[in-house]
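Below, each chain spelled out in residue letters.
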2 protein chains.
Amino acid sequence: MNGAELLCEVLLANGIDTCFANPGTSEMHFVAALDRNPRMRCVLGLSEGVVTGAADGYARMADRPAATLLHLGPGLANGLANLHNARRARTPMVNVVGDHPAYHLPLDAPLTSDIDSLARPMSNWVGRLTSADELAAIASEACRQAMSIPGISTLILPADAAWNEAPAQAVVRAEPAAPPAIDEAALAEAVAALEAGGRTAILLGGTALRADALNLAGAIAAATGARLLAETSNARIERGAGRVAVDRVPYPVDLALRALGDIDTLILVGSKAPVAFFAYPGKPGRLTREDCRIIPVAEKGQDLRAALGQLAERVGATLSRVAGRSQAFEAEEQPADGPLTAEAIATIVSRLMPEGAIICDEALTSASNFFSQSHRSPPHDFLSITGGAIGIGIPLAAGAAFASPGRKVIGMQADGSGMYTVQGLWTQARERLDVVTIVFANRAYRILEGELKNVGVAAAGPNARRMLELDDPHLDWVHLAKGMGVEGVRVDTAASFRTAFEASLRQPGPFLIEAVI
Amino acid sequence: MNGAELLCEVLLANGIDTCFANPGTSEMHFVAALDRNPRMRCVLGLSEGVVTGAADGYARMADRPAATLLHLGPGLANGLANLHNARRARTPMVNVVGDHPAYHLPLDAPLTSDIDSLARPMSNWVGRLTSADELAAIASEACRQAMSIPGISTLILPADAAWNEAPAQAVVRAEPAAPPAIDEAALAEAVAALEAGGRTAILLGGTALRADALNLAGAIAAATGARLLAETSNARIERGAGRVAVDRVPYPVDLALRALGDIDTLILVGSKAPVAFFAYPGKPGRLTREDCRIIPVAEKGQDLRAALGQLAERVGATLSRVAGRSQAFEAEEQPADGPLTAEAIATIVSRLMPEGAIICDEALTSASNFFSQSHRSPPHDFLSITGGAIGIGIPLAAGAAFASPGRKVIGMQADGSGMYTVQGLWTQARERLDVVTIVFANRAYRILEGELKNVGVAAAGPNARRMLELDDPHLDWVHLAKGMGVEGVRVDTAASFRTAFEASLRQPGPFLIEAVI
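Quick caveat, the model's predicted, so the values are computed rather than measured.

**As for the nonpolar core**
Thought 1: Counting residues in hydrophobic clusters, the biggest one holds 128 residues, and the most contacted among them are Phe30 of chain A together with Phe30 of chain B.
Thought 2: Excluding residues that lie within four positions of it along the chain, phenylalanine 30 of chain B makes contacts with Ala4, Leu7, Cys8, Leu11, Leu69, Val96 and Leu157 of chain B.
Thought 3: Counting 108 residues, the second-largest nonpolar core is a separate cluster that includes Met93 and Ala256 of chain A together with Met122 and Leu260 of chain B.

Given below as structure tokens:
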């Protein structure tokens, strides 16, 4: 068994049976090993942003890591933006990045680069093999780290570590490190604050936004009057009718300051103290009042359900009384008709989407309205862009769908960010993934047009317009989709959008709706 | 004048008036400054691989740097693969990468990342501003470094250095460092070797492949019998009928070993001693014989024309006798007809392309035949992928065309690599660039299928096929192009290819021909 074959065994022993890939020559022995191992499911992405974004979506839904296979430094570099998002989401992932053998590196062949330096900023753990002898130990550690943190492991695989014979050995599943225990002092402080009443909020993030954890949070809210909030960007929220609804900290600084301004005590469960996404002249970076007391109870990676369970128990909250459960839409609430706007799309999708849907939201400026309406939609998962690196939506939807057969994935996709990884539509087509992508075609980086106004440019001149508008020519998403084997339709009225969306729900995807708004 | 406006002035003072861009919120003050400065020409790319690839193509043709504008770490990351190629091409470029102000970084807002670490592997120089006060000095140094090396300067621009008032100051053009003088001892050694006769070759790279330098090399060859060779991958070769033809070191290791095996002395002018692109079990990394004497006369960045001039003078070579000038095709040599193959395309393009054409070659397995035929084409420039990071072709063509009004750019584009930065077609459309893109649609990563055989997999199984074939579904390039505003046509016979190519030459582009081979 060579190193590449042993690496397959290590991955499989750790429950990693899906490999999103775009290999090159230096990874060819690993490709051959994957080929001899039909238990591994290999999914090709036509650029590495698709590969890493899909691995993120997969793991968010499967709750276990996928592997990726990336070609040297440039292949890794292409995937870094979505690794950045995945790292912020605390998604477990094991990246396998090929490299030249150590003896070939000093020759500085054209594809040589400093892979370790490229990997570190977007990885929680980076390891480099130096021979096939140590492969099992280091690859196992890569898996263990990905599952323990959870986070991004990047394993650099020199070609000779793949092609050389590895020592025979038993391969066993790595035991992830136990998550750090919940800090007793913080817990006690939080309980005291909750029991004191007053203007106290719990800011939830990570797995505290799964349905069972939210129930506990809702029980605490019912017992103590505390407000519940979610972070602005979240890996996955289980929400919809019957589940505890939680508003997010708004993205715009001024709105966030207003939303958080009356909170005297903020309890963090799986979240960080909220900060502004960007710095602006004269505006604060921290979004809570300066005198707001912050009580960090638990971080992402800890057992957040247990933390909430302990809080609930100590404040006397029980699941028999849970605040904030969403009501379902009533039958007579019909979707809007009229001109096609982002609001109309939000209304229609939130009312018509099926139970178990998975929303992948990269609609940015276009879909804030959707979140507030879809509290009342059938129970669903909501996945969003977590690190602000645009170009996650289409791959995220692909990966989520691959992990979730039988569930409808709905991509809420801005056009500007969608173009970053438009290649992911091909992966959706090839894998017959049940995804409907709704492109909010406003034909501009609209969010930036607002930001330009914020810096004092009342009327953009030619240079700014040329950098912020996606017209001249406008993108034709129906053709783009068709070019990658995905059927699509363009609509520009609410009624035609509704018809198209209903049709997309009746038949398995992929499908794309270009919604001109 | 704020820092952003001053940065524009510094760039313009250094002759940098073109900015390939994809900005974000943290760069909005720079966008506003560009907007107030109509002398700057801003070109939007819909992903950063397009931005950096286009800046590379621009500088290869303009012989001066463009700027790029990139959004934080992830925006830079998306552009790194083509920066890798540009660095290998020794292309001058000044990247401006936005960042949060220093006071905002400790808050670890979602888009925070270690930009410096990401930038270093693919940059020759990295600088970070800490205030608007020092902006002129550091930005000027960024320009100076880009032009001196020549190479990639990456300037990290925190938002507050852009928005704060900069001290009033005169902005002057930076003086690039003089290139290192040609080493007298190496020159003397090379002259002695050339005069001794024997099996001596000159390996040319960089600007030694421009027409005037090639003339000198041809004169040396005529006077001494030395062979001329070019590196495998080159930023730009001036070639075609009437110019000195130079064969490249072959890409496959076995062919390269054979091509170089009879060389006793190899003189390097703008080149490095040839090494294998990848390591293979049991094959050497250095491609020359172990006993081959290597004489490094000059490196890229030195005055290679002067080095060749000195060599010529000392061996008594004159431009009245130049070896290896290509003959033009004779009128009766008609392009091939019959089934559409890569060879047929090579034959047709090499015979029909107009004088002054710029070939951007990322056809990989499909176009090796083209290079040998097009020695006899009308004089043209030939730009190739220099760092092995695929996804350069479409943006490179866009940038080259932007720099070269009135010249036809012909992209020879493999389908797999073309998909990496397919978004560049939109930039071609928006800027009305005169590019015809020929997609060699073999519907596979054919080069890797060969490599898989090399590692002993006679017949690929499902996993390998799923990673190496671009079928199921196949890509429809005509639809893809149309989706981005580029007209296109699909052809599958030599005759229909010829008709389409001739039509594309009669009218300014952009245009795309999907050549199904």
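**Things to note about the sheet that holds strand E9 (residues 237–239) of chain A**
All names here are of chain A.
Thought 1: Spatially, the seven strands line up as an open sheet ordered E9-E14-E13-E15-E16-E18-E17, and their pairing is mixed. Lying at the two open borders of the sheet, with one neighbouring strand each, are E9 and strand E17 (487–491). Across the sheet, the axes of successive neighbouring strands diverge by a mean angle of 20 degrees, strand direction being ignored.
Thought 2: The pairing of E17 with strand E18 (residues 511–516) spans five bridges and is classified as parallel. When the bridges of E18 are listed, valine 491 appears paired with alanine 515.
Thought 3: Set on the sheet, helix H12 (residues 342–352) makes contact with strand E15 (409–414), strand E16 (435–441) and E18; between it and E16 the angle comes to about 160 degrees.

**Remarks on the environment of aspartate 160 of chain A**
Residues and elements named next belong to chain A.
Thought 1: Note on placement: aspartate 160 falls in helix H7 (residues 159–163).
Thought 2: As for aspartate 160 and histidine 100, which are separated by 60 residues in sequence, their C-alpha atoms are 7.7 Å apart.
Thought 3: Every residue in contact with aspartate 160, bar those within four places of it in the chain, is listed here: Pro101 and Tyr103.

**Digging into the relation of the copies chain B and chain A**
Two copies of the chain are present, and they differ by a rotation about an axis and a shift along that axis.
Thought 1: Here chain B sits on chain A after a turn of 180 degrees about the axis and a move of 0.0 Å along it, with an RMSD of 0.0 Å. Those values place the two copies in the arrangement expected of a two-fold rotation axis.
Thought 2: A share of 100% of interface residues in chain B that are also interface residues in chain A marks the association as one of identical surfaces.

**Some details on the sheet that holds strand E12 (residues 293–298) of chain B**
Thought 1: Pairing is parallel across the open sheet formed by five strands, whose spatial order is E10-E8-E7-E11-E12 (chain B). Lying at the two open borders of the sheet, with one neighbouring strand each, are strand E10 (247–248) and E12 of chain B.

**Observations regarding the packing of aromatic side chains**
Residue and element names in this part refer to chain A.
Thought 1: The final tally for this structure, using the stated rule, is 16 aromatic pairs over all chains.
Thought 2: Relative to phenylalanine 382, the ring of phenylalanine 371 has its centre 5.0 Å away and its plane inclined at 80 degrees; by these criteria the two rings are edge-to-face. On the criterion of sequence distance, the pair formed by phenylalanine 371 in helix H13 (residues 368–373) and phenylalanine 382 in strand E14 (residues 380–384) is long-range, its members being eleven residues apart.
Thought 3: On the accessibility criterion, phenylalanine 371 (4% relative accessible area) is buried.
Thought 4: Take phenylalanine 382: its relative accessible area is 2%, and that puts it in the buried class.

**Notes on the environment of glycine 242 of chain B**
Residues and elements named next belong to chain B.
Thought 1: As for its placement among the helices and strands, glycine 242 is situated in the loop between strand E9 (237–239) and E10.
Thought 2: Once the C-alpha coordinates of glycine 242 and alanine 328 are considered, the two residues, 86 residues apart in sequence, prove to be 7.2 Å apart.
Thought 3: Beyond its immediate chain neighbours, meaning those up to four positions away, glycine 242 contacts Arg325 and Ser326.

The rules behind the values
Residues numbered from 1 in each chain as written. Chains lettered and ligands numbered in written order. Predicted model: local features only at pLDDT ≥ 70, side-chain atom pairs only at ≥ 80, totals over all residues. Heavy atoms only, no water. Core = buried A, V, L, I, M, F, W, Y, C linked by side-chain atoms within 4.5 Å. Buried < 20%, exposed > 50% of the residue type's maximum accessible area, 1.4 Å probe, protein only. Contact = heavy atoms within 4.5 Å. Pairing = 2+ DSSP bridges. Helix = DSSP H or I, 4+ residues; strand = E, 2+ residues; numbered from the N terminus. Axes fitted to C-alpha atoms, helices over the stretch in contact; angles between N-to-C directions. Least-squares fit on C-alpha atoms with pLDDT ≥ 70 in both. Phe/Tyr/Trp six-rings, centres within 6.5 Å; stacked < 30°, edge-to-face > 60°.

By themselves, these figures tell us nothing about what the structure is for.
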